[in-house]
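# Observations on the model geometry
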Amino acid sequence: MEAQGHWMTTLLRVGMGLFFLVVGLLKVGQVGDTANFIMRSDVLPLWCSTPLACVGIAMELVVAVCLLFKWHYRGATLWGTVMCCVFVFFYVQGWMRGLELSCNCLGTTHEIVDYPSDTVLRLLLLGAMLLLHWDARRSLYAFPQGKRFRMPL
């Protein structure tokens, strides 16, 4: 049963890594669209929408590479979870405030016409990242590193 769970979390890790990689690469040429989504959300000052869009796209690409190659796995799952929380926050606050938003969150610019289903999709992504973060923390305790070599002074 343990091997089956490991296989499933590996598949989920690679799938989420590919998802973040594809979405991040699609957004690289559309930084303005991402910045417009942040600006129209009316949560942050206008001047920080473009820098935040650039940082967000860069974070997506870094998390994607880290998930795919399992580099800094715990940190990658933590940042992926934070990014998904931010996405859910932007969607829910836009929905509650009755904003008409359009975004390129999945790499293509589209108007959000069905907030409940878009929010559920973002919640599923958040759930997948939480599961991966749990797996990263679990594997830390399940497979201890052993004694570290210390060089004599």
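Calculation rules
Residues take numbers from 1 onward in each chain, read along the sequence in its written order. In keeping with the model being predicted, local features are shown solely for residues with a pLDDT of at least 70 and side-chain atom pairs are shown and tallied solely at 80 or more, while totals for entire chains, interfaces and linings include all residues. Side-chain measures were taken over the full set of non-hydrogen atoms in the model, leaving aside hydrogen atoms and water. In this description, a line fitted to the C-alpha atoms serves as the axis of each element, helices being fitted only across the stretch in contact, and the angle between N-to-C directions of two axes falls anywhere from 0 to 180 degrees. A run of DSSP states H or I qualifies as a helix once it reaches four residues; a run of E qualifies as a strand once it reaches two. Both are numbered from the N-terminal end. An angle below 35 degrees is read as roughly parallel, one above 145 as roughly antiparallel, one from 65 to 115 as roughly perpendicular, and any other as oblique. In this scheme the crossing of two helices becomes right-handed for a clockwise turn of the near helix relative to the far one and left-handed for an anticlockwise turn of less than a right angle. By definition, residues are in contact when any of their heavy atoms lie within 4.5 Å. Each residue receives one of three labels: charged for Asp, Glu, Lys and Arg, nonpolar for Ala, Val, Leu, Ile, Met, Phe, Trp, Tyr, Cys and Pro, and polar for the others, Gly being one of them. The span you would expect from a helix comes to 1.5 Å times its residue count less one. A 1.4 Å probe rolled over the protein chains alone gives each residue an accessible area, and that area as a share of the maximum for its type sets the label: buried under 20%, exposed over 50%, partly exposed in between. Among the buried residues, those of types Ala, Val, Leu, Ile, Met, Phe, Trp, Tyr and Cys that are joined through side-chain atoms within 4.5 Å form a nonpolar core. The rule is short: rings of Phe, Tyr and Trp, with Trp giving its six-membered ring, pair when the centres are within 6.5 Å, and they are stacked under 30 degrees, edge-to-face over 60, tilted in between. Working rule: Lys NZ or Arg CZ, within 6 Å of ring centre, within 35 degrees of ring normal, means a charge sits over the ring.

## With respect to the packing of helix H2 (residues 31–41) against helix H4 (residues 73–97)
- Packing of H2 against H4 brings their axes to within 10 Å, and their N-to-C directions diverge by 45°. Considered as vectors, H2 and H4 are oriented oblique to each other. Judged by the twist between their axes, the crossing of H2 over H4 is left-handed. Together, Phe37, Ile38 and Ser41 of H2 and Phe90, Gln93 and Arg97 of H4 make up the contact between the two elements.
- The residue inventory of the contact of H2 with H4, partitioned by class, reads three nonpolar, two polar and one charged.

## A closer look at helix H3 (residues 49–69)
- In this model H3 runs 30 Å from its N-terminal to its C-terminal C-alpha over 21 residues, within 8% of the 30 Å that 1.5 Å per residue would give.
- Those residues of H3 that fall on the buried side of the exposure criterion are Ser49, Ala53, Ile57, Glu60, Val63, Ala64, Cys66 and Leu67.

## Let's talk about the nonpolar core
- Met16, Phe20, Leu67, Cys84 and Met129 are the most contacted members of the largest nonpolar core, which totals 17 residues.
- At the level of elements, helix H1 (2–28), H3, H4 and helix H5 (115–142) are the ones that each hand at least two residues to this core.
- Ranked by the residues each element gives to this core, the list is headed by H5, at six residues.
- Ignoring sequence-local partners within four residues, the contact set of methionine 129 consists of Met16, Phe20, Leu67, Ala76, Thr77, Gly80, Thr81 and Cys84.

## Focus on the packing of aromatic side chains
- Inspection of every chain in the model, using the stated rule, returns five aromatic pairs.
- Ring geometry for phenylalanine 37 against tyrosine 91: centres 6.2 Å apart, planes inclined by 40°, an arrangement best described as tilted. Here phenylalanine 37 is found in helix H2, whereas its partner tyrosine 91 is found in helix H4, with 54 residues between them in sequence.
- Ring centres 4.9 Å apart and planes at 20° place the aromatic pair phenylalanine 69 and tryptophan 71 in the stacked group.
- Looking at phenylalanine 69, the relative accessible area reads 52%, which means it is exposed.
- Taken together, Phe37, Phe89, Phe90 and Tyr91 form an aromatic cluster joined through their ring pairs.
- Seen from the ring of tyrosine 73, lysine 70 lies directly overhead, with NZ or CZ sitting 5.0 Å from the centre.

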